[in-house]
Amino acid sequence: QMVYAVGMETYERFVRALGRDPGFGPLPAHNHGRLSIRPCAFRQANAYYDRECGVLKFGYDVAREFAHGRSQPGEHVYTALSREIVVHEMSHALLDGLRPNFLRPTLPDVAALHEGFADLIAVFM
């Protein structure tokens, strides 16, 4: 629910700011034109937007022995529960819908633009 709620809020803010539906990147036919979200896709403390599959994938890992506060050593930590990570990855999918060629590595700065844009959206939200 967390991933879906934050993803939809990000999408709605893009719609409101642009005044139109930004869409997502080129989604495969088997997704029926929908972006899929997998909150526990793999065991690694990472998350990413998979353009070929049309999926936002979020990982999970085990808290290390130096964990403090709510994360106890040995407990699972899910990247999908971080608002900033969800907004960041959703921004990649939305930017891909607006400008699909920004994922084409024509220059070294292209990937940096994608990452910087997604980071800024996460900070602003």
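Criteria and cut-off values
- Residues numbered from 1 in each chain as written.
- Predicted model: local features only at pLDDT ≥ 70, side-chain atom pairs only at ≥ 80, totals over all residues.
- Heavy atoms only, no water.
- Helix = DSSP H or I, 4+ residues; strand = E, 2+ residues; numbered from the N terminus.
- Expected span 1.5 Å × (residues − 1).
- Buried < 20%, exposed > 50% of the residue type's maximum accessible area, 1.4 Å probe, protein only.
- Arc of directions from axis to C-beta.
- Contact = heavy atoms within 4.5 Å.
- Pairing = 2+ DSSP bridges.
- Phe/Tyr/Trp six-rings, centres within 6.5 Å; stacked < 30°, edge-to-face > 60°.
- Axes fitted to C-alpha atoms, helices over the stretch in contact; angles between N-to-C directions.
- Parallel < 35°, antiparallel > 145°, perpendicular 65-115°, else oblique.
- Left-handed = near helix turned anticlockwise from the far one by under 90°.
- Nonpolar A, V, L, I, M, F, W, Y, C, P; charged D, E, K, R; others polar.

A. View of helix H3 (residues 109–124). Its 16 residues give H3 an end-to-end C-alpha distance of 22 Å, which sits within 8% of 22 Å, the value for a rise of 1.5 Å per residue. Among all positions of H3, only Val110, His114, Ala118, Ile121 and Ala122 are buried. The buried residues of H3 occupy an angular sector of 115° when the element is viewed end-on, so they sit on one face. In H3, those exposed residues whose orientation departs by more than 90 degrees from the buried face are Asp109, Val123 and Phe124. Buried residues belonging to H3 abut helix H1 (2–18) and helix H2 (83–98).

B. Just the pairing of strand S2 (residues 47–50), in detail. Pairing between S2 and strand S3 (residues 55–62): four bridges, direction antiparallel. Each bridged residue has a counterpart across the sheet, and for tyrosine 48 the counterpart in S3 is lysine 57. Between S2 and S3, which follow one another and run antiparallel, lie four residues, and glycine 54 among them has a positive phi close to 65°.

C. Just the packing of aromatic side chains, in detail. Under the defined criterion, the tally for this structure stands at four aromatic pairs. Ring geometry for phenylalanine 14 against phenylalanine 117: centres 6.3 Å apart, planes inclined by 70°, an arrangement best described as edge-to-face. Here phenylalanine 117 lies in helix H3 and phenylalanine 14 lies in helix H1, a separation of 103 residues in the sequence. On the accessibility criterion, phenylalanine 117 (29% relative accessible area) is partly exposed.

D. Representation of the packing of H2 against H3. H3 packs onto H2 with a crossing angle of 130° between their chain directions and a minimal axis gap of 8 Å. Here H2 lies oblique to H3, going by the angle between them. For H2 against H3, the interelement crossing comes out right-handed. For the pair formed by H2 and H3, the contact residues are Glu84, Val87, His88, Ser91, His92, Leu95 and Asp96 on the first element and His114, Glu115, Phe117, Ala118, Asp119, Ile121 and Ala122 on the second. For the contact of H2 with H3, the class distribution of residues is six nonpolar, four polar and four charged.

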